[in-house]
Amino acid sequence: MSVTSIESIEQFERIINYKNNEEKAIVIANFWATWSEPSVQLSQLFAQLASQRSNATFIQIQADLFEELSERFNISAVPTYLFFKVGRVEDRLEGANPTALSNKINLHVPFQGEDLNTRLTKLVNIAPVVLFMKGSPERPQCGFSSKMIDLLNKNKIKFGHFNILGDQEV
């Protein structure tokens, strides 16, 4: 699935309020800006994640061109990602955090048609070191996860992470 660039408020409303397609019931909106380098970089990841999923609709909105939408959804930083279900915001993610974006999309839009081994292979290849943990590095939800985060940070090891609580199959 590709990313649709929003060109009007009417188009945006039509997409987020679409009720008839159960398979694409979730709409993920990327509020971004051309002047923000992190926003532009994460737009590329957003497009890659969209191309791997046909069971969701991915849209991007230039926040400074659609100030009315930015104000309506309290967009104070770019990028900001909103997760809609039949017109209602179900979740949001603010800031340029590629790991958090991947995890959040995986939580809301699991891969379809892929077996567990294929999914695990993709997950372990998101970074040289990947921590399968409970929670996130900012909010670990168990002692082991907390200790591993401390150890990795203390040794200045860059790592990706996957919240195992967000995907029971993994």
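Preceding block: the structure.
Residues numbered from 1 in each chain as written. Predicted model: local features only at pLDDT ≥ 70, side-chain atom pairs only at ≥ 80, totals over all residues. Heavy atoms only, no water.

With 8 of 11 residues buried, helix α4 (residues 98-108) lies mostly within the body of the structure. Turning to α4, its buried residues are Thr99, Ala100, Leu101, Ser102, Asn103, Lys104, Ile105 and Asn106. Where α4 starts, the residue carrying a side-chain oxygen 3.2 Å from the main-chain nitrogen of Thr99 turns out to be Asn97. (Buried < 20%, exposed > 50% of the residue type's maximum accessible area, 1.4 Å probe, protein only. Helix = DSSP H or I, 4+ residues; strand = E, 2+ residues; numbered from the N terminus. Polar contact = N/O pair within 3.5 Å; in protein donor to acceptor, adjacent residues only side chain to side chain.)

Moving on, we get to the pairing of strand β2 (residues 26-32). Of all 7 residues making up β2, 7 are buried, and the element is well covered by its neighbours. Here β2 shows a buried face lined by Ile26, Ile28, Asn30 and Trp32 and a second buried face lined by Val27, Ala29 and Phe31. By the bridge criterion, 6 bridges tie β2 to strand β4 (residues 80-85) in an arrangement that is antiparallel. Bridging from a neighbouring strand, Ala29 pairs with Leu82 of β4. Pairing geometry for β2 and strand β3 (residues 57-62), over 6 bridges, is parallel. The partner of Asn30 across the bridge, within β3, is Gln60. Between the parallel elements β2 and β3, the chain passes through helix α2 (residues 37-51) in a crossover that is right-handed. (Pairing = 2+ DSSP bridges. Right-handed = clockwise from strand over helix to strand, strands pointing away.)

Right, let's get into the pattern of salt bridges. Taken as a whole and assessed by the stated rule, the structure comprises 4 salt bridges. Salt-bridge contacts for Arg88 lead to Glu90; the nearest nitrogen and oxygen are separated by 2.7 Å. Note that Asp91 is salt-bridged to Lys104, the shortest N-O span being 3.2 Å. Placement of the pair is Asp91 in strand β5 (residues 88-94) and Lys104 in helix α4, with a sequence separation of 13 residues. (Salt bridge = Lys/Arg side-chain N within 4 Å of Asp/Glu carboxyl O.)

By secondary structure assignment, the location of Glu71 is in helix α3 (residues 67-72). Along the primary structure Glu71 and Val124 are separated by 53 residues, whereas in three dimensions their C-alpha atoms are 38 Å apart.

This part covers unusual backbone geometry. At the junction of Val78 and Pro79, the peptide bond is cis and its omega measures out at 0° in the coordinates. Its identity is not glycine, yet Asn74 carries a phi of approximately 55°, on the positive side. One non-glycine residue, Val86, lies in positive phi territory at about 45°. Since its relative accessible area comes to 39%, Val86 is described here as partly exposed.

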